There are 2 protein chains.
Amino acid sequence: MECSQQSTTSNQMAEYEASYDDNATVSRRIERLSLHLNPMEKPHNGGLDLVQCAARAKMKVNMEQLSIYMRGKYRDDVQQSVYDYFNSKPELQTPIEISKDEHRELCMRQLTGLVRECGVRPLRYVVEDPSKYFAILEAVGSVDMSLGIKMGVQYSLWGGSVLNLGTKKHRDKYFEGIDNMEYPGCFAMTELHHGSNVQGIQTLATFDPITDEFIIDTPNDGAIKWWIGNAAVHGKFATVFAKLILPTHDTKGTSDMGVHAFIVPIRDMNTHKALPGVEIQDCGHKVGLNGVDNGALRFRSVRIPRDNLLNRFGDVSRDGKYTSSLPTINKRFAATLGELVGGRVGLAYSSVGVLKIAVIIAVRYSLLRQQFGPPKQPEISILDYQSHQHKLMPMVASTYGFHFATLHLLDIYSEMKKTHDEQLVGDVHALSAGLKAYVTSYTAKSLSICREACGGHGYAAVNRFGSLRNDHDIFQTFEGDNTVLLQQVAGDLLKQYKEKFQGGTLTVTWNYLRESMNSYLAQPNPVTARWEGEDHLRDPKFQLDAFRYRTSRLLQSVAFRLNKHSKTLGGFGAWNRCLNHLLTLAESHIESVILAKFIDAVQSCPDESSRATLKLVCDLYALDRIWKDIGTYRNVDYVAPNKAKAIHKLTEHLCFQVKNVAKELVDAFDLPDYVTRAPIGMQATEEAYSLYTQYAGF
Amino acid sequence: MECSQQSTTSNQMAEYEASYDDNATVSRRIERLSLHLNPMEKPHNGGLDLVQCAARAKMKVNMEQLSIYMRGKYRDDVQQSVYDYFNSKPELQTPIEISKDEHRELCMRQLTGLVRECGVRPLRYVVEDPSKYFAILEAVGSVDMSLGIKMGVQYSLWGGSVLNLGTKKHRDKYFEGIDNMEYPGCFAMTELHHGSNVQGIQTLATFDPITDEFIIDTPNDGAIKWWIGNAAVHGKFATVFAKLILPTHDTKGTSDMGVHAFIVPIRDMNTHKALPGVEIQDCGHKVGLNGVDNGALRFRSVRIPRDNLLNRFGDVSRDGKYTSSLPTINKRFAATLGELVGGRVGLAYSSVGVLKIAVIIAVRYSLLRQQFGPPKQPEISILDYQSHQHKLMPMVASTYGFHFATLHLLDIYSEMKKTHDEQLVGDVHALSAGLKAYVTSYTAKSLSICREACGGHGYAAVNRFGSLRNDHDIFQTFEGDNTVLLQQVAGDLLKQYKEKFQGGTLTVTWNYLRESMNSYLAQPNPVTARWEGEDHLRDPKFQLDAFRYRTSRLLQSVAFRLNKHSKTLGGFGAWNRCLNHLLTLAESHIESVILAKFIDAVQSCPDESSRATLKLVCDLYALDRIWKDIGTYRNVDYVAPNKAKAIHKLTEHLCFQVKNVAKELVDAFDLPDYVTRAPIGMQATEEAYSLYTQYAGF
């Protein structure tokens, strides 16, 4: 395997230049065209020019201030403790090669160590300070993502379901054991045949009024609980989602009350053997996250006490009567799932953490790595190439944008947990769905781009892109498949759209629609459509207007199409016929939110110099996005051809300017070398190669 | 870890529909808009409609004929032998979990078994029938891609360098040993500091006229040979690329003759110990391909006989005089690297093989998997969703296009090896660079999309997306980094462009430029720009014209820009300033070639029914590509807004039609279940789930 085997690029260019030495004598028109292709008279020191130009364009970055502004409030506190703990315990660090079974055991030791030695009490923070909990999740994810996910299973899912779907009796009984890892548990929702469509699950929980128990049953192979984290090896309990079946006194004999959650002990507390009627199998190797022991569960008439129903939203009395504060199955189902939104918040936030690590490694190595250069001059760094800037600089900008947007999500989530404000609940639901889907898809793609950007050395396992990608990959699927989540965002937007026209209140996140919808209803302004000055293009108002115009237009047009198609295809068919359109709408909306939060963050930055740096990065984020959708803007003449060209040109220029401060921008993420770990991505880039040769044994 | 946790989509839609129950009384305009949002009066059996509509639109596919047309000439012959051999040897099949060291040994046993037991003689085919060699490479790649790459190292690289860069004495001495695996060897070109820029390598080969030997030296750590396949464990020899240094009688004392290749024994034939002066280290774990033992080599004054210079393009006499049939260092370098083009041909072809496996698995599972559906009706398959069709159907179409394009590449490569026709050499060089870059990038992205499309079950290692992606990933980097290769394509196009205006001959591949350049020089026709009929849009002439127009336009405009910028930035700076533009140009050209070959293949298909099927797939390929670049076409009014809309609509419709024959289209790739292997991707899809539960131990 070789990483090369071609003529050099400089050769390429030399040949190209040489090939225009002769003078062609053809028609006038052709001659004029040929002029473009004349030989260069003298070498122009292209590389030097580049460097000089770079020096001129380089913005001064106040690293200390920028770094302070970027540090979350738990960076010095609990995140540093986590980093220090693992840094001081080499035996708890995951080696590059480790078997699945060893990895699972190591991951368990990492988690118990964290709780019992490092003094972290995750379940407390879940209740008292969710932001602190998410900060730990992010930090442990950078140690080993398997640990992050195992912790999420234990605390967000198993712990979260007991806390949020249960009542006081459950908290009293399970809180301590979950928090101190004496009760490792699972969250058994997904079945072999039903992932996204949770209402389609088939596991049964039938009430037996004689013994005052529920009987948990897996009616067929398709209903086997599948992918259940913590189940294959470590779990003692599982929150099992099943249809609650109650006996009735009519001819039918039973009544299906819809999906409810039940605490089911799955292994003996002393012997750790599977309990009678519980069959546990191993889901085996996964693409990544092999430190998490995913298992499959089949239940054969497993009896649990009535008290094990997590009865916050619906309860069964001793005599088998059902009571609930919520009137319908659908409302109860929505309330039940609504409580689990924290998982998505955590994934969106952790995904940004993964993106930061990848971007740090790729940018530092691209500054270090030199390849080719102008004739008879030193080679230049690969980040000096336009194509490389094009790959990585919008990614740096997006990482900043996502950072601010997910911090905002954390804030409103924490606030919602405190106030239970209804508007906030709606906001958090839609924004967590949208950001989780958008950010994890973006990060997944970026991990591949970063690997490629680092060439052969990016393929060395020690440089981490492989494990980051494999571990992160499933972020796009679990806790809500991204395609399904984006449809929820689109559904919400359509609801808001309707409310606007009925004069109702819009929740905060969508408030902009009121304004931009009106501007959409007007035709695009042919004068501003031609404005191409840098001041105008870098005006946050222009940028935000453009983003929101796009969202509004997509929203209005999809509403029209849905209505049209529903007449012949029905609601479901119409929705499906417009599905691509709806997904684009949802993404466009999320991009609008990210930009708005980014602009806010720029404007709120107290340090003037850092504000200027952030403004530069934010402009790149905005214009790069507009350029990527330029077809849409052109199609409706929102942007005239001259403006389109100006946007393109400015985007390339901003890429170049951001490149000049790229090192500072990634350093400001403030992740120490022993966290990023890749030899090619060290902060002191000059040490990278020697670390790397040492690693190979030289 | 859970694969779900959200309200259902049907819920989403139900809510959306319900939310429009009330009548709003606002302004007339708003009322009119609100009409779009009215509730659906009756359920319309949307799902049923979908199914009925599907039945109506379903094309009849003649599976036997299509399959015959798609089978390469070696499918029944040597590929089937390879499949049968490994199918009959369970001990030679790579398990899901295997340590790096065991994998390397297994891979070696697989390769020697293939050569010594299965009767395959790869080096013979390299010489006598390259297409047969590439067919084997594709087949073994589907067994384990590590094996494919290890075989490529041994035969394409180590064997190929001896055959193509050496002379008769080398062939006589090494041919048999290489062919029968007694001489496992390496190809030591890449160094720690130099991958793409091969001319920058620093290893030295200094001639010692006293002993009639070359002295091979690694002058610094940056010159350590890195990523050398077969080096860490198995290799006995290496073709080492080094600067040839000859003594002179002037004051300088030595003269650098440029990069040459030398055969260097690295391990003792009997003891297998590293030879004196050869330091070998292990490059360690990689993201994938861990069955290949990549190592690093440092040479400390290693002496080799003068005969070990591979002297086809340059030789040194007993008294240290240099002779060559080629006049300059650059020409010799180009000739040397030019001989190694076969590696790229093989990669492009094998990459299509990987893409086929992934597409087969993803399509079959997406037909099997059901999730959600219209209210009170059975769930529908996920491939019935527009978004899912949008992900996978253009991918099926591209796979067909790439299949025909790479077969064409194999043909012209074989022809070139026979005739050494100069025009063909140029064609093969550019087309292999372009297709290798384009296809491997596309496949890499598609592997991620396929994993996501299969949700949680796509994340099970047994379903193969993880290993396919990890193994294939480096295809984008080795044998020429894709970004560098595309620049070579762009460079060639610019050369051809100039020749057109000088009346010279164009090589076959670019011949279309003569025609389309002229049409570009004219303004787009405002009448045809508005044509939107299906017949017109599905006319291959319209499609090919559109592709070529785009290429021509990009070519003309980049030539103009290069000329402009070279005045201030010099050649190198100008090239870099236009780099994104140049890469887009190269991709656009390759797409034009793929479409042309696709259209040829459709028209040459002897069976009428299969021709119609292929035409449908080809139309989707063409229109999907045009739609993806619609901004470009709109910007210059090549396509008017109404036509853009018609293209979009037709593309979605074609996705739907291709979906209706998707199973037949992937079945026609004719890969047996024991080759594709993923339980979720079995040909008899109904068995998939039960295979999968068995696999987990139920």
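The model shown is predicted, which means the values in this text are computed figures rather than measured ones.

Participant: Where do I start with the sheet that holds strand β7 (residues 278-282) of chain B in this structure?
Facilitator: Backbone-to-backbone hydrogen bonds join strands into a sheet, with any given pair of strands oriented parallel or antiparallel. Read across the sheet, three strands follow the order β4-β8-β7 (chain B) without closing on themselves; strand pairing throughout is antiparallel. Of all the strands in the sheet, just β4 (225-228) and β7 of chain B have a single pairing partner and so form its edges. Between one strand axis and the next, the sheet turns through 25 degrees on average, direction left out of account. As defined by bridge partners, β7(B) adjoins strand β8 (residues 295-299) of chain B across five bridges and the pair is classed as antiparallel. Bridging across to β8(B), E279(B) finds its partner in R298(B). Sitting on the sheet, helix α26 (residues 688-696) of chain A is in contact with β4 and β7 of chain B, with an inclination near 55 degrees to β4(B).

Participant: Explain the domain arrangement of chain A to me, please; I cannot follow it from the model alone.
Facilitator: Buried accessible area, meaning the area lost when the parts come together, often serves as the stated size of an interface. Residue and element names in this part refer to chain A. According to the domain assignment, chain A consists of domain 1 (66-179), domain 2 (185-330) and domain 3 (342-506 + 540-680). Using C-alpha coordinates to define each centre, domain 1 is positioned 27 Å away from domain 3. Facing the 24 residues of domain 1 at the interface are 40 residues of domain 3. The tally of links between domain 1 and domain 3 comes to two salt bridges.

Participant: Explanation requested: helix α19 (residues 540-577) of chain B in the structure shown.
Facilitator: Each α-helix turn comprises 3.6 residues. Residues three or four places apart therefore point the same way. Residue and element names in this part refer to chain B. Taking 1.5 Å per residue as the helical rise, α19 with its 38 residues ought to reach 56 Å, whereas the 35 Å between its terminal C-alpha atoms falls clearly short. In the structure, α19 departs most strongly from a straight axis at L569, where the bend amounts to approximately 125 degrees. In terms of burial, α19 is largely enclosed, as 27 of its 38 residues are buried. Here α19 starts with a cap whose side-chain oxygen sits 2.9 Å from the backbone nitrogen of K541, and that cap is D539.

Participant: Please clarify how the sheet that holds strand β8 (residues 295-299) of chain A should be interpreted in this entry.
Facilitator: With antiparallel pairing, the three strands of this open sheet are ordered in space as β4-β8-β7 (chain A). Unpaired on one side and paired on the other, β4 (225-228) and β7 (278-282) of chain A mark the two borders of the sheet. Across the sheet, the mean angle from the axis of one strand to that of its neighbour is 25 degrees, orientation sign disregarded. As defined by bridge partners, β4(A) adjoins β8(A) across two bridges and the pair is classed as antiparallel. Bridged to I228(A) within β8(A) is G295(A). Sitting on the sheet, helix α26 (residues 688-696) of chain B is in contact with β4 and β7 of chain A, with an inclination near 55 degrees to β4(A).

Participant: Whenever I open this one, the UniProt feature "domain: Acyl-CoA oxidase C-terminal" (unreviewed entry) in chain A confuses me. Can you help?
Facilitator: In this structure's numbering, the residues bearing the UniProt feature "domain: Acyl-CoA oxidase C-terminal" (unreviewed entry) are residues 539-682 of chain A. For residues 539-682 of chain A, helix accounts for 84% and strand for 0%, while the C-alpha atoms at its two ends are 36 Å apart.

Participant: How do you make sense of the state of the cysteines when you look at a structure like this?
Facilitator: What we call a disulfide is simply a covalent bond connecting the sulfur atoms of a pair of cysteines. Within the structure shown, the criterion is met by zero disulfides over all chains. Note on C118(B): no disulfide assigned, nearest cysteine sulfur contributed by C107(B) at a separation of 15 Å.

Participant: Just checking my understanding: could you explain a positive patch on the surface for this structure?
Facilitator: Residues K564(A), R577(A), K645(B) and K649(B) make up a contiguous surface patch of positive charge. Secondary-structure elements contributing two or more residues to the positive patch are α19 (540-577) of chain A together with α23 (641-660) of chain B. Relative to the helices and strands, K645(B) resides in helix α23. Among the residues examined, K645(B) registers a relative accessible area of 63% and is labelled exposed.

Participant: Where do I start with the pairing of β8(B) in this structure?
Facilitator: Moving residue by residue along a regular strand, the side chains alternate between the two faces of the sheet. Burial runs high along β8(B): five of the five residues are buried. Side chains G295(B), L297(B) and F299(B) project from β8(B) onto one buried face, and the interleaved A296(B) and R298(B) project onto a second face that is buried too.

Participant: Got a minute to help me understand the UniProt feature "active site" (unreviewed entry) in chain A in this structure?
Facilitator: Here, UniProt's "active site" (unreviewed entry) annotation points to E479(A). Structurally, E479(A) is set in the loop between α15 (465-472) and α16 (482-501).

Participant: What is the right way to look at the pairing of strand β5 (residues 237-247) of chain A in this model?
Facilitator: Residue and element names in this part refer to chain A. The buried fraction of β5 amounts to nine of the eleven residues, a majority that puts the element mostly inside the structure. Here strand β1 (residues 185-188) pairs with β5 via four bridges, running parallel. Following the sheet pairing, G185 is matched in β5 by F237. In the sheet, strand β2 (residues 204-208) pairs with β5 via three bridges, with the strands oriented parallel. Bridge pairing links A205 to L244 in β5. As defined by bridge partners, β5 adjoins strand β6 (residues 254-265) across ten bridges and the pair is classed as antiparallel. Within the sheet, the bridge partner assigned to P247 lies in β6 and is T254. Where β5 folds back on β6, the antiparallel hairpin that results is connected by six residues, among which G253 adopts a positive phi of roughly 90 degrees.

Participant: So what exactly am I meant to see when it comes to the packing of aromatic side chains here?
Facilitator: Each pair of aromatic rings is reported with the distance of its centres and the angle of its planes. All names here are of chain A. Summed over the entire model, instances satisfying the criterion amount to 48 aromatic pairs over all chains. With a centroid separation of 5.1 Å and an interplanar angle of 55 degrees, the aromatic rings of Y183 and F237 are classed as tilted. Of this pair, Y183 sits in the loop between α10 (168-179) and β1 while F237 sits in strand β5; the two residues are 54 residues apart in sequence, bridging distant segments of the chain. These aromatic residues form a ring-pair network of at least three members: Y69, F404, F547, F598 and Y621.

Participant: Help me out: how do you make sense of the confidence of the model for chain A in this one?
Facilitator: As a note on interpretation, predicted positions should not be read in detail where pLDDT is low. All names here are of chain A. Looking at chain A, pLDDT values average 89 and 89% of them are 70 or higher. Contacts for the low-pLDDT stretch residues 1-55, under 50 throughout, to residues beyond four places or in other chains number 145 contacts. Interface confidence in the predicted complex, given as ipTM, is 0.91; pTM for the same model is 0.92.

Participant: How do you make sense of the pattern of salt bridges when you look at a structure like this?
Facilitator: Pairing is possible between side chains of opposite charge, provided their charged atoms come close. Using the criterion set out here, one finds 86 salt bridges over all chains in the structure. The salt bridge involving D473(A) is made with R469(B); its shortest N-O contact spans 2.7 Å. Separated into two different chains, D473(A) in the loop between α15 and α16 and R469(B) in helix α15 (residues 465-472) make up a pair that spans both. Overall, the relative accessible area of 2% leaves D473(A) in the buried class.

Participant: How should I be thinking about helix α10 (residues 168-179) of chain B in this particular structure?
Facilitator: Residue and element names in this part refer to chain B. With twelve residues, α10 extends 16 Å between its outermost C-alpha atoms, agreeing within 8% with the 16 Å of an ideal straight helix rising 1.5 Å per residue. Where α10 is buried, its residues meet α6 (100-116), α7 (122-128), α9 (145-165), β5 (237-247) and β6 (254-265). Just downstream of α10, M181 is the residue with a positive phi angle, here 70 degrees.

Participant: Sorry if this is basic, but what is going on with the packing of helix α13 (residues 386-419) of chain B against helix α14 (residues 422-453) of chain B here?
Facilitator: When two helices pack together, their arrangement is given by the angle between the helix axes and by the axis-to-axis distance. All names here are of chain B. Look at α13 against α14: their axes get within 9 Å of each other, and the N-to-C directions meet at 155 degrees. It follows from the interaxial angle that α13 and α14 lie roughly antiparallel. You can see that α13 and α14 cross each other, and the crossing is left-handed. Each residue belonging to the contact of α13 with α14 can be placed in one class, and the counts come to 20 nonpolar, seven polar and three charged.

Rules used throughout
Residues numbered from 1 in each chain as written. Chains lettered and ligands numbered in written order. Predicted model: local features only at pLDDT ≥ 70, side-chain atom pairs only at ≥ 80, totals over all residues. Heavy atoms only, no water. Pairing = 2+ DSSP bridges. Helix = DSSP H or I, 4+ residues; strand = E, 2+ residues; numbered from the N terminus. Axes fitted to C-alpha atoms, helices over the stretch in contact; angles between N-to-C directions. Contact = heavy atoms within 4.5 Å. Domains from an automatic or database assignment. Salt bridge = Lys/Arg side-chain N within 4 Å of Asp/Glu carboxyl O. Expected span 1.5 Å × (residues − 1). Bend = angle between axes of the 7 residues up to and from the residue. Buried < 20%, exposed > 50% of the residue type's maximum accessible area, 1.4 Å probe, protein only. Polar contact = N/O pair within 3.5 Å; in protein donor to acceptor, adjacent residues only side chain to side chain. UniProt positions renumbered as here; feature names shortened; annotations may be inferred. Disulfide = S-S within 2.5 Å. Patch = residues over 30% accessible without salt bridge, like charges linked within 9 Å, V, L, I, M, F, W, Y side chains within 5 Å. Areas by Shrake-Rupley, 256 points an atom, 1.4 Å probe, with all protein chains shown as cover. Lys, Arg positive; Asp, Glu negative; His and termini not counted. Charge placed at Lys NZ, Arg CZ, Asp CG, Glu CD. Phe/Tyr/Trp six-rings, centres within 6.5 Å; stacked < 30°, edge-to-face > 60°. pLDDT = per-residue confidence, 0-100. Parallel < 35°, antiparallel > 145°, perpendicular 65-115°, else oblique. Left-handed = near helix turned anticlockwise from the far one by under 90°. Nonpolar A, V, L, I, M, F, W, Y, C, P; charged D, E, K, R; others polar.

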